[in-house]
Amino acid sequence: NLSELLLIHFEDDSLGGGALSGNADHPWAINDIAACGGSSKGITAGVNSDGQKKGVDSVSSLTITVPAGATSMSYFYSYPTALDSGDDFHVSVNGVLMKSYETGDGASCASECISVSPGNNVKFTCKSSGLNEICSIDQIQFYGLIR
């Protein structure tokens, strides 16, 4: 049986040890727009300080190091519409693309689970140039075996 090891839910305005990078005008920021799964906050890229959905002019990244013992990671993701050509909403592990969400009709608090290993770097990236184009993540949960 897998046990819950670490939950990053952004409720305490913390990145849970994660790091932000990039020089986007509207980078990843903790707010209530991205809340999923009963939480009151998540993290969204593409929203200005007034809460308007403005898109992300260049790549903005959130990187999290997988904790000891973790073998999988789940999270909720949202994006309102298909992003424009050349835009990105990606999840990668050590530079290898695992998930790509820029096409389709969008998603609202959809769940995903990927395999990870301790020490891996998981990176969420967003670049969305159009109005109303945002990327959101919430409730990043790591699972593993407790010995």
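See the structure printed just above.
Procedures and definitions
- Residues numbered from 1 in each chain as written.
- Predicted model: local features only at pLDDT ≥ 70, side-chain atom pairs only at ≥ 80, totals over all residues.
- Heavy atoms only, no water.
- Helix = DSSP H or I, 4+ residues; strand = E, 2+ residues; numbered from the N terminus.
- Buried < 20%, exposed > 50% of the residue type's maximum accessible area, 1.4 Å probe, protein only.
- Contact = heavy atoms within 4.5 Å.
- Core = buried A, V, L, I, M, F, W, Y, C linked by side-chain atoms within 4.5 Å.
- Pairing = 2+ DSSP bridges.
- Axes fitted to C-alpha atoms, helices over the stretch in contact; angles between N-to-C directions.
- Salt bridge = Lys/Arg side-chain N within 4 Å of Asp/Glu carboxyl O.

Draft legend 1. Local environment of the environment of Lys54. Note on placement: Lys54 falls in the loop between strand 4 (42-45) and strand 5 (56-65). Taking the C-alpha atoms as reference points, Lys54 and Ser129, separated by 75 residues in sequence, lie 7.8 Å from one another.

Draft legend 2. Structural context of the environment of Ile30. On the secondary structure map, Ile30 appears in strand 3 (residues 29-31). The exposure class of Ile30 is partly exposed, given its relative accessible area of 25%. Counting along the chain gives 12 residues from Ile30 to Gly42, while the straight-line C-alpha distance between them is 5.6 Å. Excluding anything up to four places from it in sequence, Ile30 contacts Phe10, Asp13, Ser14, Leu15, Lys41, Gly42 and Ile43.

Draft legend 3. A look at the environment of Lys123. Along the polypeptide, Lys123 turns up in strand 10 (residues 121-128). Exposure remark for Lys123: the relative accessible area of 31% places this residue in the partly exposed category. Sequence separation of Lys123 and Thr65 is 58 residues, and the distance between their C-alpha atoms is 8.8 Å. Excluding its chain neighbours within four sequence positions, the residues that come into contact with Lys123 are Ser61, Leu62, Thr63, His90, Val91 and Ser92.

Draft legend 4. Structural view of the nonpolar core. Core analysis: the biggest nonpolar cluster contains 30 residues, and Trp28, Tyr75, Phe124 and Ile140 have the highest contact counts within it. Tallying contributions element by element places strand 6 (residues 70-79) first for this core, with five residues. Ignoring sequence-local partners within four residues, the contact set of Ile140 consists of Leu6, Leu7, Ile8, Phe10, Leu62, Ile64, Met73, Ser74, Tyr75 and Phe124.

Draft legend 5. Up close: the sheet that holds strand 10. Read from one edge to the other, the open sheet built from five strands follows the order 2-5-10-7-8, with strand pairing classed as antiparallel. Both outer strands of the open sheet, strand 2 (19-22) and strand 8 (96-100), are each paired with one neighbouring strand and no more. Strand-to-strand twist across the sheet, computed as the mean angle between neighbouring axes with direction ignored, equals 25 degrees. Where strand 7 (residues 88-93) and strand 10 come together, six bridges link them in antiparallel fashion. Among the inter-strand pairings, His90 is bridged to a residue of strand 10, identified as Thr125.

Draft legend 6. Highlighting the pattern of salt bridges. With the rule as written, the count across this model stands at three salt bridges. Lys41 serves as the salt-bridge partner of Asp13, at 2.7 Å between the closest nitrogen and oxygen. Of the two residues, Asp13 sits in the loop between strand 1 (3-8) and strand 2 while Lys41 sits in the loop between strand 3 and strand 4, which places them 28 residues apart along the sequence. Among the ionic pairs, Lys99 bridges to Glu112, the shortest N-O distance being 3.4 Å. Taken together, the positions of Lys99 in strand 8 and Glu112 in strand 9 (residues 107-115) put the pair 13 residues apart, joining distant regions of the chain.

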